[in-house]
Amino acid sequence: MADQITEATELTRGAVEALSARFDEPAWVREARLRAFEAFERMSWPTTQDARWRRTDLSGLVPDRLRPFVEGAPGPLPAAVRMLRDQLGPTAGVLVQRDATTVSAHLDAGTAGSGVLFADMHAAVRDYPDLVQRYLMRLVRFDEGKFQALHAAVWASGTFVYVPAGVEAAVPLLALSWTDIADAAFFPHALVVAGPGSRVTVISASGVGTGTGRTLSVPVVELVAEDGAAIRHVVLSDWGRQAWEIGVVRAHVGRDAALHSLVVGLGGEVVKTDVESILAGPGASSEMLGLVFGDGRQHYDIHTLQDHAAPHTFSDLLYKTAVSDRAVSSFIGMIRVHPGAQKTNAFQSNRNLILSAGARAISDPKLEIMANDLRCTHGSATSRLNEEHLFYLMSRGLPRDEAVRMVVEGFFAELLDRVPLEPLRERLRGDIATRMAV
Amino acid sequence: MAVTNQLGIDLEKYKWGFREPENYVFKARRGLDARVVAEISAMKDESDWMRAYRLHAYEHYTQRPMPTWGADLASIDFDNIFYYIKPTDKQANSWEELPAEIKRTYDKLGIPEAERKFLSGVSAQYESEVVYHNLKAEWEKLGVIFVDTDTALREHPDLVRQYFGTVVPPEDNKLAALNSAVWSGGSFVYVPEGVHVDIPLQAYFRINAQNMGQFERTLIICEPGSYVHYVEGCTAPIYTTDSLHTAVVEIIVKEGARCRYTTIQNWSTNVYNLVTKRAVAYRDATMEWIDGNLGSKITMKYPSVYMVEPGAKAEILSVAFAGKGQHQDPGGKVIHAAPHTQSVIVSKSISRDGGRAGYRGLVKIYEGAKGSRSAVRCDALILDDRSRSDTYPTMEIDEEDVSITHEATVSKVSDEQLFYLMSRGVKADEAMNMIVRGFVEPIVKELPLEYAVELNRLIELEMEGSVG
């Protein structure tokens, strides 16, 4: 088709229509995009006057200049992406996306045979329309804010995972995406649905290849754990130093279902991520882990929500952040317990390690409690390197930088020990060591 | 007509804190404009700088938006408030007009009849003059000044002008601007270098000689090496027909001095209590806020300490109790702007019967404030499933060489605790009382004895009917 678009240079209604036509989408998807686009046009960009945007100033970002849709060119995988794929193995399926295009998709025959679906979002819309329609943009709604509306209007690429009731997909599914195009914006959408009593592990890793220049990524991840299901979900982002990311990861955890979430932030210039668990059914549980390591002038703005909407629910959050140079990290964590959510147990812990004089860490743990028969605690601690620990190690003959590296590794060890995926743990240890060597 | 007592003190003068110009008739009216501000200043016969200050603050007030965070302030009707009432105007015309729960609380607290009438606003007179003046003589020997702020402005104009508005400028927030425009009353305390004031200065004795203000302005100056404990208000419920209390408190604690400021607020439950309290602590100085909030409809109050020189210390103890229809949004702010500064914040909040209580705070550590430490601990107790607790601490740390901790817990009174006490023969409601008293004990033990006793009685009163 000669008139197919390969790139949209402007954010217009026409561009949204062209994008929908490019993927030959059914009417309900196109209409949803246009409705979202109208909402996007109505809303104004958030400013630091908005409570949720106090820590991130968008004035450095000019979204109008970023191309909202860029088709990825075919070609070999960059070495870094290949290495990441190999390091995170073994996997039951790998989906590789470059810019907004899927370049390879693989799912083991055994896993596929059990009914597990693992596909590019556009392929999913085409092949499993009823299933996608039931869940797409239901958890994260287009009218929540400017960026959600934008995402809903122009989302492209992303991952769809569906695990039928009772199926255990024990080996991880890996979604890899990278870009090497400057001045482009990306809107990947991930939807993971685990049917009743099923189990699945999904690792989503994204980064920048060789290219430089400003990029913007607005990912939305919707995780649905039906009654008794278990989802283990990992987001690993290692964007380039001129990348902005404004994302949402939201989970709906049903009766007796469990979510284990890990969010790793290493790259990016400005990263603002909302990580939210809605404990919707009795017996639901959510473990939320976060690892952030910022250096240079990186800016991280992490909002978390443990939303207890049903009785007998459990959540346990641990976010660990190290900042050096002039990096800034902001952690804003909310535990909300709704009326009637009795017997809630909610824990939240944020630990910040400041490695150099110019680095900053902001910590805002919050509680909003509207039930009384419960146990909620949060703790936050910010400290510098402990000189006594360093002195002890140095007295054993270690040079100072080696001692510092060990202390930082020790700082993150408490978190990594809770990640049962050994290859991922190794990769993250390596990433931390690389950071410390710079 | 001057009324003098046996000591030759002009009671009339001390009763109101100023003499009214005889030919001036101030007509109390609702609402606020620049004319009312100018009239207030003229009524008080103030000097030009204060009148200009008030008018400037009023200008700022009109331009500044209302805070949109925190409690819901939308229902305050600023046009329907008396911004200045002559002290002789009564709040209520007779004892019978008082709401029943206020009368009941007075009974329970065992407050004498005459005092009740003063506190409730039925009478503007309460003869505690003798106590007050005996103490006053003691202070004067030491060079301590303790008068209401209007008197201070007349008798110590240079001192007031030097410090007034330096800690909380009118531009600080909309409500501070409002107070700066229409302030009246409040205390002025000056403690000379090295002087330790052993008996707490209680505004209670002094304000008996004038009506409790809605827009009080308090200024405390502690010269180097001095010590003072100032106690604001009292635990008895303060009844007022006006729905807004907007005070500003400024405290300057100089090198090596220590100031402790205690408030137990028990406004009637129609009052919006929106107060700006701030202290500046210099080298090795210590500022302590002890802040109890039981009354009011909504309280937003975050006593703060700016530690601007090395070795300064801050301690904030906050206790809040929210019952039916109440939203207590207290907290504290500590600003570490110098090396080796230390702060501790302890907050205890209790909510029951649909009330909402919590903590909102800030720990700010500027770059260069090396070796600073801060510890924040918030505990909340929710007594039934209709009530709510919020915790909003904020930490902004711009310096690596520091140690910061924050912990918060929310829990209910455990069945095990109740069962244990009841198995020892303690009745259910008394057991509940004991547990709640134990919960607030770390703060109550810091209060002067009579306040601790009254606070415990008040909590008991609030707790009535909380079990089955």
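Residues numbered from 1 in each chain as written. Chains lettered and ligands numbered in written order. Predicted model: local features only at pLDDT ≥ 70, side-chain atom pairs only at ≥ 80, totals over all residues.

Enquirer: Go over the overall build of chain A, please, and point to the residues and values.
Expert: When helices and strands are counted, chain A shows ten helices and 23 strands. The globule rule puts the C-alpha radius of gyration for 438 residues at 22 Å, and the 21 Å found for chain A is close to it. Here the C-alpha coordinates of chain A stretch approximately 70 × 50 × 50 Å along the principal axes. Among the 438 residues that make up chain A, the fraction classed as buried is 53%. A sequence separation of at least 24 residues applies to 81% of the contacts in chain A between residues at least 6 apart. (Helix = DSSP H or I, 4+ residues; strand = E, 2+ residues; numbered from the N terminus. Rg over C-alpha atoms; globule rule 2.2 N^0.38 Å. Buried ≥ 20, exposed ≤ 12 C-beta atoms within 10 Å, placed from the backbone. Contact = placed C-beta atoms within 7 Å.)

Enquirer: Describe the domain arrangement of chain B, naming the residues involved and giving the relevant values.
Expert: Residue and element names in this part refer to chain B. According to the domain assignment, chain B contains domain 1 (1-301) and domain 2 (415-468). Between domain 1 and domain 2, the residue contacts involve twelve residues of the former and eleven residues of the latter. No other element matches the three residues that helix α4 (residues 100-109) contributes to the side of domain 1 that touches domain 2. A class-by-class count of the residues in the side of domain 1 that touches domain 2 yields six nonpolar, five polar and one charged. (Domains from an automatic or database assignment. Nonpolar A, V, L, I, M, F, W, Y, C, P; charged D, E, K, R; others polar.)

Enquirer: Outline the nonpolar core, supporting the account with residue identities and numerical values.
Expert: Ranked by internal contacts, the top residues of the largest apolar core, which has 251 residues, are A:Val161, A:Val192, A:Ala225, B:Val253 and B:Ala281. Apart from the residues lying within four places of it in its own chain, the contact partners of B:Val253 are B:Cys222, B:Cys259, B:Ala279, B:Val280, B:Ala281, B:Tyr282, B:Ala285 and B:Met287. (Core = buried A, V, L, I, M, F, W, Y, C linked by C-beta atoms within 7 Å.)

Enquirer: Can you explain the domain arrangement of chain A? Please cite residues and give values.
Expert: All names here are of chain A. Each assigned domain of chain A is listed here: domain 1 (7-385) and domain 2 (386-438). For domain 1 versus domain 2, the distance between C-alpha centres works out to 27 Å. Listed per partner, the contact involves 18 residues of domain 1 and 20 residues of domain 2. Here the side of domain 1 that touches domain 2 is composed, by residue class, of 14 nonpolar, two polar and two charged.

Enquirer: Would you mind going over the interface of chain A and chain B in detail, with residue names and values included?
Expert: If you look at the interface, chain A gives 32 residues, while chain B gives 30 residues. Listing elements by their share of the side of chain A that touches chain B, those giving two or more residues are β22 (360-369) and β23 (374-384) of chain A. Considering each element in turn, the side of chain A that touches chain B owes the most residues, eleven residues, to β23(A). Among the residues making up the side of chain A that touches chain B, the classes are represented as 15 nonpolar, ten polar and seven charged. Note: β22(A) against strand β18 (residues 388-397) of chain B, six bridges, orientation antiparallel. Pairing of A:Ser363 across the sheet is with B:Met395, part of β18(B). (Pairing = 2+ DSSP bridges.)

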